[in-house]
2 protein chains.
Amino acid sequence: MATAGHDRQERHKVVIVGGGFGGVQTAKALRKADVDITVIDRTNHHLFQPLLYQVATGILSPGLIAPALRRVLKTQRNVRTLLAEVGDIDLERKIVHAAAPDGQHMDLPYDTLVVAGGATHAYFGHDEWAEHAPGMKSIEDARLLRSRILGAYELAEVSQDPAEQEAYMTFVVVGAGPTGVELAGQLSELARHVLPREYRSIDTRKARIILLDGAPTVLPPFAKKLQKYTQKTLEDKGVEVRLNSMATHIDADSITVKSPKGEERFVARTKVWAAGVQASPLAAMLAKATGSEVDRAGRLAVDPDCSLPERHDVYAIGDMVSTIDRLPGVAQVAMQQGAYVGKLIASRSRGDDTTPAPFKYFDKGSMATIGAREAVADARGLKVTGWLGYMLWCYVHVMFLIGWGNRLGTLFNWVRSLRFARNRGHRLISVRATYDEGIAAEHHRAGDAGHEIPEAAS
Amino acid sequence: MATAGHDRQERHKVVIVGGGFGGVQTAKALRKADVDITVIDRTNHHLFQPLLYQVATGILSPGLIAPALRRVLKTQRNVRTLLAEVGDIDLERKIVHAAAPDGQHMDLPYDTLVVAGGATHAYFGHDEWAEHAPGMKSIEDARLLRSRILGAYELAEVSQDPAEQEAYMTFVVVGAGPTGVELAGQLSELARHVLPREYRSIDTRKARIILLDGAPTVLPPFAKKLQKYTQKTLEDKGVEVRLNSMATHIDADSITVKSPKGEERFVARTKVWAAGVQASPLAAMLAKATGSEVDRAGRLAVDPDCSLPERHDVYAIGDMVSTIDRLPGVAQVAMQQGAYVGKLIASRSRGDDTTPAPFKYFDKGSMATIGAREAVADARGLKVTGWLGYMLWCYVHVMFLIGWGNRLGTLFNWVRSLRFARNRGHRLISVRATYDEGIAAEHHRAGDAGHEIPEAAS
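Conventions and cut-offs
Residues numbered from 1 in each chain as written. Chains lettered and ligands numbered in written order. Predicted model: local features only at pLDDT ≥ 70, side-chain atom pairs only at ≥ 80, totals over all residues. Heavy atoms only, no water. Helix = DSSP H or I, 4+ residues; strand = E, 2+ residues; numbered from the N terminus. Rg over C-alpha atoms; globule rule 2.2 N^0.38 Å. Buried < 20%, exposed > 50% of the residue type's maximum accessible area, 1.4 Å probe, protein only. Domains from an automatic or database assignment. Contact = heavy atoms within 4.5 Å. Buried area = accessible area lost by both parts, 1.4 Å probe. Polar contact = N/O pair within 3.5 Å; in protein donor to acceptor, adjacent residues only side chain to side chain. Nonpolar A, V, L, I, M, F, W, Y, C, P; charged D, E, K, R; others polar. Pairing = 2+ DSSP bridges. Axes fitted to C-alpha atoms, helices over the stretch in contact; angles between N-to-C directions. Salt bridge = Lys/Arg side-chain N within 4 Å of Asp/Glu carboxyl O. Expected span 1.5 Å × (residues − 1). Lys, Arg positive; Asp, Glu negative; His and termini not counted. Phe/Tyr/Trp six-rings, centres within 6.5 Å; stacked < 30°, edge-to-face > 60°. Lys NZ or Arg CZ within 6 Å of the ring centre and 35° of its normal. Arc of directions from axis to C-beta. Parallel < 35°, antiparallel > 145°, perpendicular 65-115°, else oblique. Left-handed = near helix turned anticlockwise from the far one by under 90°.

## Considering the overall build of chain A
Within chain A, the secondary structure is distributed over twelve helices and 23 strands. Over its C-alpha trace chain A gives a radius of gyration of 23 Å, about what one expects of a compact globule, namely 23 Å for 458 residues. Judged by the C-alpha coordinates and their principal axes, chain A covers about 70 × 55 × 45 Å. Buried residues in chain A amount to 61% of all 458 residues.

Quick look at the structure:
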C-alpha cells in the first residue's frame with residue numbers, strides 16, 4: 001500500500017486515468033501549471049488507434065503507433081507516469097485505488113481527477129461473438145487480427161479441400177465506418193497485390209472480402225458524394241459491399257446476415273468486428289458513485305464543462321462520455337476535450353473561480369483510406385477523393401503521430417507498401433492465434449493422429 | 001490427410017524441415033535444380049537470430065528481423081512453403097508427417113530430406129529455471145524479455161519499498177558469449193542513457209547489471225586481447241562481470257551463483273539465460289530411427305557430407321548436428337552447410353553419383369557489440385575494436401538481413417538509438433508478461449484487495 005511521496009503533498013494534485021488521446025492532451029495542457037500530475041494507464045504505451053488497421057494488415061510495426069507513454073511525457077517534469085490498473089475510485093475521500101501488474105496496490109489522492117478511459121467493442125448483447133469476430137482497439141487486438149488474416153491464407157495453402165480453402169479465403173468485415181472501410185480496402189490489397197505470387201496451391205486473388213453494415217450507406221457521417229465514391233472504389237477492388245445488413249449469428253465457421261432480402265449465411269473463417277463500441281467500465285463506475293445513469297453505449301453524461309454533474313473536481317472526457325451535442329467517438333473530440341479540461345484545471349489551480357465557457361467541438365473533418373492509394377476526405381465543405389485525398393490523409397496522419405522517429409518510420413513503411421514494392425514489412429503471426437479456437441478443437445477431435453501442436457515461435 | 005499434388009509427382013522431391021539459416025540456404029542453392037522443394041516451418045517467418053537482443057531491448061521491431069518466410073522464397077518457383085509442425089519422420093517409407101496449426105495433417109513424401117531444426121535453450125537439467133530466466137531463441141522469447149526488462153523499471157517506479165525497487169532494478173545475464181555480452185551492453189545503455197529522465201521515483205542509472213559465466217573469460221572463442229577489451233568496456237559501462245561463476249539456483253526473486261570464492265545470492269527479478277543450447281528434438285528422433293545416439297547437447301552426428309550415416313537421402317545441418325571438427329553453433333555454419341547440401345542434392349538429382357568432397361567450414365570470424373557504439377571483431381587474424389568495430393559489425397549485419405526494406409529499416413532504428421536521440425523505438429510490453437508469474441501469485445496472496453488485474457491491451 002503506497003501513497004504519493006512527501007515532496008508532492010503541497011501542490012494541487014491532478015490524477016489522469018488513461019494515457020490515450022484525451023489523457024495525454026490534458027497533461028500537455030497542464031505543462032506550465034503549478035500542479036503535480038499523475039497519469040495512470042494499464043498499458044505502457046500511448047496508442048494511435050486510427051492506424052491499428054495498418055498493424056492488422058502488416059504495413060506498420062506496432063511500435064510505430066504505440067510509443068512508450070512515459071517517453072511521450074518525459075520532458076514534462078510535473079508529470080509522473082504509472083503502469084497500473086484502476087480498481088476503484090473513492091469520490092468522497094478523493095482517492096484512486098489502483099494496482100500494478102505485480103499486484104502492488106496504490107492509493108492515489110487527488111485534488112482534481114480526469115477520467116479518460118476510452119471505449120472498447122460492443123457486440124450488442126452477443127458477447128459470444130467476440131472470440132469469432134475480434135475487433136481492433138488495442139495493439140494486442142491488431143496482432144490477433146494479423147495472425148487471423150495472414151494465417152487464413154497459410155491454412156488455405158495447406159488444405160486440399162476446396163470448400164475449406166474457400167472458407168479460409170472469405171473475410172467478412174462487420175461495420176462500414178472508417179475502420180471497416182480502411183480494413184476492407186487493405187484486405188483487397190493483400191489478396192490482389194501483395195500475396196498472389198507467394199502461394200502455390202491457392203490463388204489469393206480469389207479471396208472474397210465482404211463489408212457489411214446495417215446502415216444504407218458506407219461511411220454514414222460523410223457527404224453523399226464521398227459515400228458513393230467510396231462504395232464504387234471498394235467494389236472496383238473486388239470488395240462485396242452489403243448494406244442494410246445486420247449480423248444475426250456468428251460462430252467459428254460462419255456469419256449469418258439479415259437484410260431486407262432475407263437471411264444469408266457466409267461460410268467464413270475470418271470475421272472482423274468494426275461495428276459498435278462500448279464505453280470503458282469506468283463510466284458506469286462513476287455513474288454509480290454519483291447516482292446517475294449511463295446511456296445504451298455505456299457512456300456517462302457530463303456537464304458542458306466536461307465535469308461530473310455537481311462535482312467540479314472530477315472530469316470525464318473522450319469516448320466514455322456523452323454530451324448534449326452528440327459528438328462522434330473520434331480522437332479529435334477526446335484531444336480537444338483534454339486540452340479544454342487541462343486549461344480549465346490550470347486556471348482553477350491559479351484560483352480562478354469564474355464559470356468557464358462550455359466545451360465546444362471544432363470539427364476539422366473526417367477521412368478514410370480505401371486501399372493503397374485512394375482516400376476520401378470531408379473537411380469543412382472541402383471534399384477530396386483519390387490520390388489527392390490519399391496524400392492529404394498521409395500528411396494529416398503522419399503529423400498526428402508523436403516523435404520524428406515514428407513519423408519517418410511510418411512514411412518509410414508506407415513507401416514499402418506501395419505497389420512497386422508490394423510488400424508488407426510486418427507480417428509476424430502467432431501460430432496459436434491463426435485459427436479460431438473452436439475450429440482447432442473440432443479438428444483435433446476429428447484428427448487421425450494424436451500428436452499435439454505446441455505453440456511455435458511467433 | 002493430404003498428399004502432394006499430382007503435378008509434383010514426377011520430379012525429384014526435396015523436403016526441407018526448418019526455414020532458418022540452414023533451410024533457406026539449402027533451398028536457394030537448389031534454385032536452378034530440376035526438383036520440387038517443400039520448406040516446412042512451424043512459424044511463418046525466417047528469423048535473423050543474432051539481432052534478437054535488439055528486439056528484447058526495444059531497438060528493432062520484430063518484423064525487421066523476421067520477414068515472412070514465403071516472401072523470402074517467393075520468386076523461387078520450385079519452392080512451396082508450408083506452415084506446419086513436423087510430428088514424425090518415416091525414414092523407411094520416406095514420408096514426413098506434419099500438422100498445420102488448425103490440426104490438418106499432411107503426409108509429405110520425399111526423395112531427399114534435409115532437416116535443419118536448429119536448437120533451443122538448455123538449462124543443464126534445471127528446466128524449472130526456464131520460467132524465471134527466459135532465453136532468446138524466438139521472436140516470442142524476445143518479446144517476453146522486452147516485457148520483463150522494461151516492465152521491471154515500471155514496477156520499480158510504482159514500488160515504495162527500496163528493497164523491492166532494488167530487486168526490480170537488478171538484471172542478471174547468465175552466459176558471457178556474444179549474446180550475453182551484447183545484451184548486457186544494451187541493458188547498460190537503457191539504464192544509463194535511455195531511461196533516466198523518464199522516471200520520477202527511481203534513478204535508473206543505479207540499476208545493477210551482472211554478467212556471469214562459468215568460463216574464466218568473456219567471449220571464450222575470441223582472441224585474448226579482444227576478451228580483455230570487452231570486459232573492460234563492459235565494466236566501464238557499469239556491468240559487473242563475474243567469471244568462473246555458475247548458477248546453482250534460480251527462482252522468481254533471485255539467482256544463486258557459485259564461484260571459487262563461494263556461493264553468492266543475488267536478489268534480482270530479471271534473469272536472462274544466454275548460456276547452454278540444446279538441439280531440436282528432431283535430432284533425437286532421427287538418431288532413434290537410425291539406431292545412433294545424440295551427444296550431451298542433443299546433437300546428431302552426421303557424415304562428412306552432412307548425410308545421416310549409411311543413409312544418403314537424409315541430410316541434417318546447422319545447430320542440431322555435430323561434426324568431427326566440432327563446429328560452433330553459429331549462423332555461418334548452418335548457412336554454409338545449407339549451401340553445400342543444396343549443391344550436392346542438385347548434382348545428385350542430375351544423376352551425378354561421385355562421392356562428394358566433405359563439407360569444409362570457412363570461418364569468416366566472429367563479432368559482438370558492446371553497447372551502443374563499440375564492438376569487437378575477430379576475423380581471420382584481423383582484430384578490430386571500438387567505433388571501427390561497430391561500423392564493421394553494422395555493415396556485416398545489415399548485409400545479412402534479407403530485403404532492402406529490412407536493411408533500411410534496421411539502419412534507421414540504429415540511428416534512432418544513437419546517443420543524440422537516446423531512444424528505443426519499439427518498447428511495447430505485454431502487461432501480463434512484465435512479471436514472473438511466481439512473484440505475481442505471491443503478491444496476490446498477500447494483497448489486501450480482492451480485485452483481479454485483467455490483461456490490459458499490450
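## Focus on the domain arrangement of chain A
Residue and element names in this part refer to chain A. Here chain A is partitioned into domain 1 (6-42 + 84-121 + 277-349) and domain 2 (127-273 + 365-433). Using C-alpha coordinates to define each centre, domain 1 is positioned 33 Å away from domain 2. At the interface, seven residues of domain 1 touch six residues of domain 2. Across the domain 1/domain 2 interface, buried area totals approximately 500 Å², and carbon plus sulfur atoms make up 64% of it. The interface formed by domain 1 and domain 2 contains one residue pair in polar contact (both at pLDDT 80 or more). Secondary-structure elements contributing two or more residues to the side of domain 1 that touches domain 2 are β8 (119-121) and α9 (331-349). Here the residues of the side of domain 1 that touches domain 2 sort into three nonpolar, three polar and one charged.

## Some thoughts on the sheet that holds strand β12 (residues 246-250) of chain A
Residues and elements named next belong to chain A. Strand order in the open sheet formed by three strands is β12-β13-β14, and the pairing between neighbours is antiparallel. Both edges of this open sheet fall to β12 and β14 (262-267), since each of them pairs with a single strand only. Strand-to-strand twist of the sheet, defined as the mean angle between neighbouring strand axes without regard to direction, takes the value 25°. By the bridge criterion, four bridges tie β12 to strand β13 (residues 254-259) in an arrangement that is antiparallel. Note that in β13 the partner of methionine 246 across the bridge is lysine 258.

## Re the environment of histidine 12 of chain A
All names here are of chain A. By the secondary structure assignment, histidine 12 is in strand β1 (residues 12-17). Linking histidine 12 and leucine 30, residues 18 residues apart in sequence, is a C-alpha distance of 12 Å. When sequence neighbours within four positions are dropped, the list of residues in contact with histidine 12 reads Asp34, Val35, Asp36, Asp111, Thr112, Ile345 and Ser349. Reaching out from histidine 12, the side chain makes a polar contact with the side chain of threonine 112 at a distance of 2.7 Å.

## Examining the sheet that holds strand β10 (residues 208-212) of chain B
Residues and elements named next belong to chain B. With parallel pairing, four strands are arranged side by side in an open sheet as β11-β10-β9-β15. Edge positions in the sheet fall to β11 (239-242) and β15 (270-273), since each of these pairs with one other strand and no more. The sheet shows a mean angle of 20° between the axes of neighbouring strands, taken without regard to direction. Relative to β15, strand β9 (residues 170-174) is paired through four bridges, and the arrangement is parallel. Bridging across to β15, valine 173 finds its partner in valine 272. Here helix α4 (residues 139-158) sits on the sheet in contact with β9 and β15, set at roughly 155° to β15. Here helix α7 (residues 224-236) sits on the sheet in contact with β10 and β11, set at roughly 140° to β11.

## Section: the pattern of salt bridges
All names here are of chain A. The tally for this structure, following the rule as stated, stands at 42 salt bridges over all chains. Its salt-bridge partner being arginine 42, residue glutamate 85 comes within 3.6 Å of it at the nearest N-O pair. Remark: arginine 42 occurs in the loop between β2 (35-41) and α2 (52-56) and glutamate 85 occurs in strand β4 (residues 85-90); sequence separation between them is 43 residues. The buried category is assigned to glutamate 85, whose relative accessible area is 14%. One salt bridge connects lysine 232 with aspartate 236, and the closest N-O pair in it is separated by 2.9 Å. Taken together, the positions of lysine 232 and aspartate 236, both in helix α7 (residues 224-236) and four residues apart, correspond to about one turn of that helix.

## Notes on helix α9 (residues 331-349) of chain B
Residues and elements named next belong to chain B. For α9, with 19 residues, the first-to-last C-alpha span of 27 Å sits near the 27 Å given by 1.5 Å per residue. Most of α9 is tucked away: 14 of the 19 residues are buried. Phi turns positive, to about 95°, at glycine 351, one or two residues after α9.

## Considerations on the side chain of aspartate 107 of chain B
Residues and elements named next belong to chain B. Assignment of secondary structure puts aspartate 107 in strand β6 (residues 105-109). Here aspartate 107 is buried and forms no salt bridge, its nearest opposite-charge partner arginine 93 lying at an N-O distance of 5.6 Å. Within the structure, aspartate 107 has its side chain in polar contact with the side chain of histidine 97 (distance 2.8 Å).

## Details of unusual backbone geometry
Peptide bonds are mostly trans, and most non-glycine residues show a negative phi. A positive phi angle, near 45°, is found at leucine 219 of chain A, a position not held by glycine. Of note, leucine 219 of chain A is situated in the loop between β10 (208-212) and α7.

## Some points on the pairing of strand β4 (residues 85-90) of chain B
All names here are of chain B. Pairing analysis gives five bridges linking β4 to strand β5 (residues 95-99), with the strands arranged antiparallel. Note on β5: the bridge partner recorded for isoleucine 89 is valine 96. Turn length for the β4-β5 hairpin, with the two strands adjacent in sequence and antiparallel, is four residues, and the turn residue lysine 94 shows positive phi of about 60°.

## Quick notes on the packing of aromatic side chains
Inspection of the entire model under this criterion finds 22 aromatic pairs over all chains. Between phenylalanine 412 of chain A and tryptophan 404 of chain B, the ring centres sit 6.4 Å apart and the planes meet at 90°, which makes this aromatic pair edge-to-face. With phenylalanine 412 of chain A in helix α11 (residues 404-417) and tryptophan 404 of chain B in helix α11 (residues 404-417), the pair connects residues from two separate chains. By relative accessible area, tryptophan 404 of chain B is classed as partly exposed at 44%. Feature note: the residues Tyr123, Phe124, Trp129 and Trp273 of chain A constitute an aromatic cluster, connected by ring pairs. Across from the ring centre of tyrosine 168 of chain A, 4.7 Å away, lies the NZ or CZ of arginine 269 of chain A, which sits over that ring.

## Quick notes on the side chain of threonine 233 of chain B
All names here are of chain B. Structurally, the position occupied by threonine 233 is in helix α7. When its relative accessible area of 10% is taken as the criterion, threonine 233 is described as buried. Among all residues touching threonine 233, those that are not within four sequence positions of it are Ile370 and Glu374.

## Details of the pairing of strand β3 (residues 79-83) of chain A
All names here are of chain A. The buried fraction of β3 is high, at five of five residues. Neither face of β3 is left uncovered, since the one carrying Val79, Thr81 and Leu83 and the one carrying Arg80 and Leu82 both have all their residues buried. Where β2 lies against β3, five bridges are found, and the strand directions are parallel. Among the inter-strand pairings, isoleucine 40 is bridged to a residue of β3, identified as leucine 82.

## Looking at α7 of chain A
Residues and elements named next belong to chain A. Spanning 13 residues, α7 covers 18 Å between terminal C-alpha atoms, matching the ideal 18 Å at 1.5 Å per step. Turning to α7, its buried residues are Leu226, Gln227, Thr230, Thr233 and Leu234. Buried positions in α7, seen along its axis, are confined to an arc of 135° and lie on one side of it. Away from its buried face, by an angle of more than 90 degrees, α7 presents the exposed residues Lys224, Lys225, Lys228 and Asp236. Structurally, α7 contributes buried residues whose contacts are with α6 (178-194), β10, β11 (239-242), β22 (375-379) and β23 (382-384). Following α7 by one or two positions, glycine 238 adopts a phi angle in the positive range, close to 90°.

## Notes on the environment of valine 398 of chain A
Mapped onto the fold, valine 398 of chain A is located in helix α10 (residues 386-400). The contacts of valine 398 of chain A, once residues within four sequence positions are left out, are Arg407, Leu411 and Trp414 of chain A.

## Looking at the packing of helix α10 (residues 386-400) of chain B against α11 of chain B
Helix-helix packing is characterised by the crossing angle of the two axes and by the distance between the axes. Residue and element names in this part refer to chain B. Relative to each other, α10 and α11 sit at 150°, their axes nearing to 9 Å. By the angle class used here, α10 and α11 are roughly antiparallel. Once α10 is placed against α11, the crossing between them reads as right-handed. On α11, the residues touching Trp393, Cys394, His397, Val398 and Met399 of α10 are Arg407, Leu411 and Trp414. The residue makeup of the contact of α10 with α11, split by class, is six nonpolar, one polar and one charged.

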